[in-house]
Amino acid sequence: MASRTELSSWQALTQHTQNMRTRKIKDLFSEDQARFDKFSLQLPHFLFDFSKNLITEETKSLLLDLAKETDVAGWRDKMFAGEHLNRTEDRAVMHVALRDKSGAPIMIDGKDMRPVVEGELKRMRALVEQVRSGEWRGYSDKAITDVVSIGIGGSNLGPLMATEALKSYADGRLNVHYVSNVDGAQIADVLDHVDPETTLFVIASKSFTTPETTLNANTARAWFLSNGGSEDTTSRHFIAVSSNVEKAVAFGVGKDNIFEMWDWVGGRFSLWSAIGLPIALQLGFELFDELLQGAFEMDTHFREAPLEANAPVLMALLGVWNGNFLGYRAHALLAYDQCLHRLPAYMQQAEMESNGKSVNWAGEPLAYPSCPLIWGEVGINGQHAFYQLLHQGTDIIPADFIGSINSTQPVPGHHDALMANYFAQTEALMKGISAEEVRADLTAKGVAPERIEELVPHKVHPGNRPTNSLLLNKVEAKSLGALIALYEHKIFVQGIIWDVHSFDQWGVELGKVLAAGIEPELAPDNEVSGKHDASTRHLIEYYKKAKQQ
Ligand code: F6P
């Protein structure tokens, strides 16, 4: 297949970039009073404003040509139809099935999976109701007060992000804690704060072979057994979520306590499955179901809206425009809502584990960059940390600004103060301040002319830095579901355009394999292999020697 760079739309965009490089976004606003209307979309739970990008109607139309030439719509339909788009693992990509509220059959590998998916949701609901109502009892007949979710990557980041985002809706019936790091400091801290008699552990691992999760799960079980628990009462305190039922049983979780997920759900797209149990335990099943409902609304939009008014498609195309044609190699996610403080970490996995690839579907090296570096923070904190670079650094970093009209926890005077910054920052990044404006300002302040000339270059803000603004009505289960699904589909579309396999993650394997070999070498009596490079060998030896002193 021809490289993407050979497509006529790609070449037209390359040509078009030459014209656009000399343009200023702020001038595009002065030239077109209708720019905001043309480049924004009202969606069910939020407004998506992409007018502060360096684009014209011609750019949009050329980008849509690229989407058509790469058959984004066709591939989208194949994903929803359950085709094996995860080619290297030979699996369907059907996280959308987990939130499909249409009632239609969900065909995967020739079988209608709707009854299976709904059956598992039913089991989740029953467990959540039992635990939250106090009917589920621990070994000493006390009700559960704490849930400890043990998992990493996709089996942690989604539930953690969502429980943080929605915690203002929790009734406080259960405290949910997360353990992901293999660093014992994390599990030790959590175990210090819970009581074995009233704690339910959820071991979340799609593969049930992830070493970090296995080690943490074993530590949790040992702690339980040495603090009053027994093998006979383990089933009251340990449940598992996995597609590897055999391994979960081997670990010691009874079959009735295992919630199934399937190989057609990628780890980083799995919060909609029973991996989302901690969310449902904290918030109640109804709110978890609303999260699914919100995602389903976005799925419907993605399937049905024409490409030119399709938010995930447009967001993906803007990312391609900024990254591949304008050459901006990083993208920031800036949340102006404290409850979304884990969103950047979640999206880092979703985007970079999916599209951080350098060969195409045919296995040939890409002739263009794929996923940019995704990073971010709570916006207002970032302003006092790294926004200096966003405004005046040598790199241009496009950003998504995510804010809400209504706070989940209104405190008089705070929300408008926060949102004033949300609005100000995208305006400042776009408009900048010219040398003339700096001069006029300093002159008006009575600064001496020689001093003014000294200061001008330092105070100039070049501007022309692209941003998207997502303005939610409020962070609620439905809007959060829709927001996450928006990004999931953006990732899908970008994977198609970049011609990369978005649904495998071979790049995380090598380090895992090497770590497994190194761990035994760290034991005092074991040799450090001569096969290591000199740096790694010396580091290991230094560590071992220092540890023994
Ligand atoms: O980091 C690699 C990875 O395989 C992720 O894709 C996944 O989300 C994570 O590890 C956890 O995997 P599991 O759910 O199988 O424990």
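Note that the structure is predicted; figures quoted are calculated from it, not measured.

A.B. asks: Account for the site of the ligand, with residues named and values stated.
C.D. replies: Around the ligand, the structure places 13 residues, and the nearest of them are Ser-155, Ser-205, Ser-207, Thr-210 and Glu-353. Here the ligand has 390 Å² of accessible area as a free molecule, and 87% of this is covered by the chains. The cavity that encloses the ligand is the largest pocket. When grouped by side-chain class, the residues that make up the shell around the ligand number two nonpolar, eight polar and three charged.

A.B. asks: Can you tell me about the environment of Val-265, naming the residues and giving the values?
C.D. replies: Note on placement: Val-265 falls in the loop between strand 9 (258-260) and helix 11 (277-283). Setting aside anything within four residues of it in sequence, one finds Val-265 in contact with His-95, Leu-98, Lys-206 and Ser-270.

A.B. asks: Hey, could you go over the packing of aromatic side chains for me, with residue numbers and the actual values?
C.D. replies: Evaluation of the coordinates by the stated rule reveals 25 aromatic pairs. Ring centres of Phe-201 and Trp-223 lie 6.0 Å apart, and the angle between their planes is 80°; on these two criteria the pair is classed as edge-to-face. Here Phe-201 is found in strand 7 (residues 199-204), whereas its partner Trp-223 is found in helix 9 (residues 211-225), with 22 residues between them in sequence. With 6.4 Å between their ring centres and 75° between their planes, Tyr-387 and Phe-401 make a pair best called edge-to-face. Of this pair, Tyr-387 sits in helix 16 (residues 387-392) while Phe-401 sits in strand 12 (residues 399-406), placing them 14 residues apart in sequence. Across the pair, exposure class does not vary: Tyr-387 and Phe-401 are buried alike. Aromatic rings pair up to connect Tyr-139, Phe-201, Phe-208, Trp-223, Phe-224, Phe-238 and Phe-251 into one cluster. Across from the ring centre of Phe-29, 5.1 Å away, lies the NZ or CZ of Arg-35, which sits over that ring. Seen from the ring of Phe-259, Arg-123 lies directly overhead, with NZ or CZ sitting 4.4 Å from the centre.

A.B. asks: Could you give an account of the side chain of Thr-213, naming the residues involved and the relevant values?
C.D. replies: Relative to the helices and strands, Thr-213 resides in helix 9. Looking at Thr-213, the relative accessible area reads 4%, which means it is buried. Those residues in contact with Thr-213, other than ones at most four positions away along the chain, are Ile-150, Gly-151, Ile-152, Ile-203, Ala-204 and Ser-205.

A.B. asks: Mind laying out the sheet that holds strand 10 (residues 330-336), listing which residues take part and the relevant values?
C.D. replies: The mixed open sheet is built from six strands, whose spatial order is 1-2-13-12-10-11. If you trace the sheet from one side to the other, it starts and ends with strand 1 (40-42) and strand 11 (373-378), each paired once. When the angles between neighbouring strand axes are averaged without regard to direction, this sheet yields 15°. Bridge count between strand 10 and strand 11: six bridges; the pairing is parallel. Following the sheet pairing, Ala-332 is matched in strand 11 by Trp-375. In the packing of helix 17 (residues 414-431) onto the sheet, contacts are made with strand 10, strand 12 and strand 13 (467-474), and the angle to strand 12 comes to roughly 150°. Across the face of the sheet, helix 20 (residues 477-498) comes into contact with strand 2 (46-49), strand 10, strand 12 and strand 13 while running at roughly 155° to strand 13.

A.B. asks: An account of the domain arrangement of the protein is needed here, citing residue identities and associated values.
C.D. replies: You can read the domains of the protein as domain 1 (9-69 + 305-431 + 465-502), domain 2 (107-286) and domain 3 (509-548). Relative placement of domain 1 and domain 2: their C-alpha centres are 33 Å apart. Each partner contributes residues to the interface: domain 1 has 23 residues there, and domain 2 has 16 residues. Carbon and sulfur atoms make up 64% of the area that domain 1 and domain 2 hide from each other, which totals about 1700 Å². When residues of domain 1 are sorted by the area they lose upon contact with domain 2, Arg-342, Tyr-346 and Gln-349 head the list and together hold 32% of the total. Where domain 1 touches domain 2, the interface holds one salt bridge. Applying the counting rule to domain 1 against domain 2 returns eight residue pairs in polar contact (both at pLDDT 80 or more). Top contributing element to the side of domain 1 that touches domain 2 by residue count: helix 14 (residues 343-355), with seven residues. Looking at the side of domain 1 that touches domain 2 residue by residue, the class counts come to 11 nonpolar, seven polar and five charged.

Each value, and the rule that gives it
- Residues numbered from 1 in each chain as written.
- Predicted model: local features only at pLDDT ≥ 70, side-chain atom pairs only at ≥ 80, totals over all residues.
- Heavy atoms only, no water.
- Near = heavy atom within 4 Å.
- Areas by Shrake-Rupley, 256 points an atom, 1.4 Å probe, with all protein chains shown as cover.
- 1 Å grid on protein atoms, 1.4 Å probe; cavity = no way out; pocket = protein on both sides within 12 Å on 5 of 7 lines; lining within 4 Å.
- Sits in = over half its atoms within 2 Å of the grid points.
- Nonpolar A, V, L, I, M, F, W, Y, C, P; charged D, E, K, R; others polar.
- Helix = DSSP H or I, 4+ residues; strand = E, 2+ residues; numbered from the N terminus.
- Contact = heavy atoms within 4.5 Å.
- Phe/Tyr/Trp six-rings, centres within 6.5 Å; stacked < 30°, edge-to-face > 60°.
- Buried < 20%, exposed > 50% of the residue type's maximum accessible area, 1.4 Å probe, protein only.
- Lys NZ or Arg CZ within 6 Å of the ring centre and 35° of its normal.
- Pairing = 2+ DSSP bridges.
- Axes fitted to C-alpha atoms, helices over the stretch in contact; angles between N-to-C directions.
- Domains from an automatic or database assignment.
- Buried area = accessible area lost by both parts, 1.4 Å probe.
- Salt bridge = Lys/Arg side-chain N within 4 Å of Asp/Glu carboxyl O.
- Polar contact = N/O pair within 3.5 Å; in protein donor to acceptor, adjacent residues only side chain to side chain.

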